[in-house]
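Remarks on the overall topology
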Amino acid sequence: MENTIEQKMFGMKEELEKTLRGFQHQLEEKKALHHELSLKANRLMDGEYNIDVYAEYTNIGIEKYQLERDMEILDFQIESMNMYIDQTNKIIEKL
């Protein structure tokens, strides 16, 4: 029976680590997109100032803000997954 519990804990740990890698990958993608949007916004503001440029700059700002919130959520999820993995490791060590 102890072997079964240990196998389940190792399986759970693997799933947690897989989920963690997924969150980390999503965060990296969002960081790259955020960087691209920042560069695009800077280029727009360096160009001729008109209403269309301002509208596009505003849209980019909104999208960047949403990405920043998404990145904060992913950071929290990554921290949580690390905590769950640590707790799982402690349980496995006790078995």
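Shown above is the structure to which this text applies.
Residues numbered from 1 in each chain as written. Predicted model: local features only at pLDDT ≥ 70, side-chain atom pairs only at ≥ 80, totals over all residues. Heavy atoms only, no water.

1. Brief notes about a nonpolar patch on the surface
Cut-off, in case you're wondering: Exposure above 30% relative accessible area and the absence of a salt bridge qualify a residue for a patch, where like charges join within 9 Å and nonpolar side chains (Val, Leu, Ile, Met, Phe, Trp, Tyr) within 5 Å. Shrake-Rupley sampling with a 1.4 Å probe provides the accessible areas, and residues are treated as covered by the protein chains on show and by no other component. Salt bridge, as applied in this entry: a Lys or Arg side-chain nitrogen positioned within 4 Å of an Asp or Glu carboxyl oxygen. Labels follow the DSSP assignment, with helices taken as runs of H or I lasting at least four residues and strands as runs of E lasting at least two, numbered in each case from the N terminus.
Judged by side-chain polarity, Ile 5, Ile 91 and Leu 95 come together as a nonpolar surface patch covering roughly 230 Å² of accessible area. Inspection of the secondary structure puts Ile 91 in helix α2 (residues 51-94).

2. A word on the pattern of salt bridges
Here is the rule: Burial status follows relative accessibility: with a 1.4 Å probe on protein chains alone, a residue under 20% of its type maximum counts as buried, one over 50% as exposed, and anything between as partly exposed.
Enumeration over the complete set of coordinates arrives at four salt bridges. Across the salt bridge formed by Lys 13 and Glu 17, the nearest N and O atoms sit 4.0 Å from each other. Here Lys 13 pairs with Glu 17, and both are found in helix α1 (residues 2-46), just four residues apart, close to one helical turn. Overall, Glu 17 belongs to the partly exposed group, its relative accessible area being 27%. Across the salt bridge formed by Asp 70 and Lys 30, the nearest N and O atoms sit 3.5 Å from each other. Remark: Lys 30 occurs in helix α1 and Asp 70 occurs in helix α2; sequence separation between them is 40 residues. We classify Asp 70 as partly exposed; its relative accessible area is 31%. For Lys 30, a relative accessible area of 24% puts it in the partly exposed group.

3. Concerning the nonpolar core
Our working definition: What makes a nonpolar core is a set of buried Ala, Val, Leu, Ile, Met, Phe, Trp, Tyr and Cys residues whose side-chain atoms join them at distances within 4.5 Å. Throughout, a residue-residue contact means that at least one pair of heavy atoms, one from each residue, lies within 4.5 Å.
Counting residues in hydrophobic clusters, the biggest one holds nine residues: Leu 16, Leu 20, Phe 23, Leu 27, Met 71, Leu 74, Ile 78, Met 81 and Ile 85. Secondary structure elements with two or more residues in this core: α1 and α2. It is α2 that contributes the most residues to this core, five residues altogether. Apart from residues lying up to four places away in sequence, Met 81 is in contact with Leu 16, Thr 19, Leu 20 and Phe 23.

4. Quick look at the environment of Ile 60
Structurally, Ile 60 can be placed in helix α2. Residue Ile 60 is classed as buried on the basis of its relative accessible area of 2%. As a C-alpha pair, Ile 60 and His 34 span 26 residues in sequence and 9.5 Å in three-dimensional space. Among residues more than four places away in sequence, those in contact with Ile 60 are Leu 37, Lys 40, Ala 41 and Leu 44.

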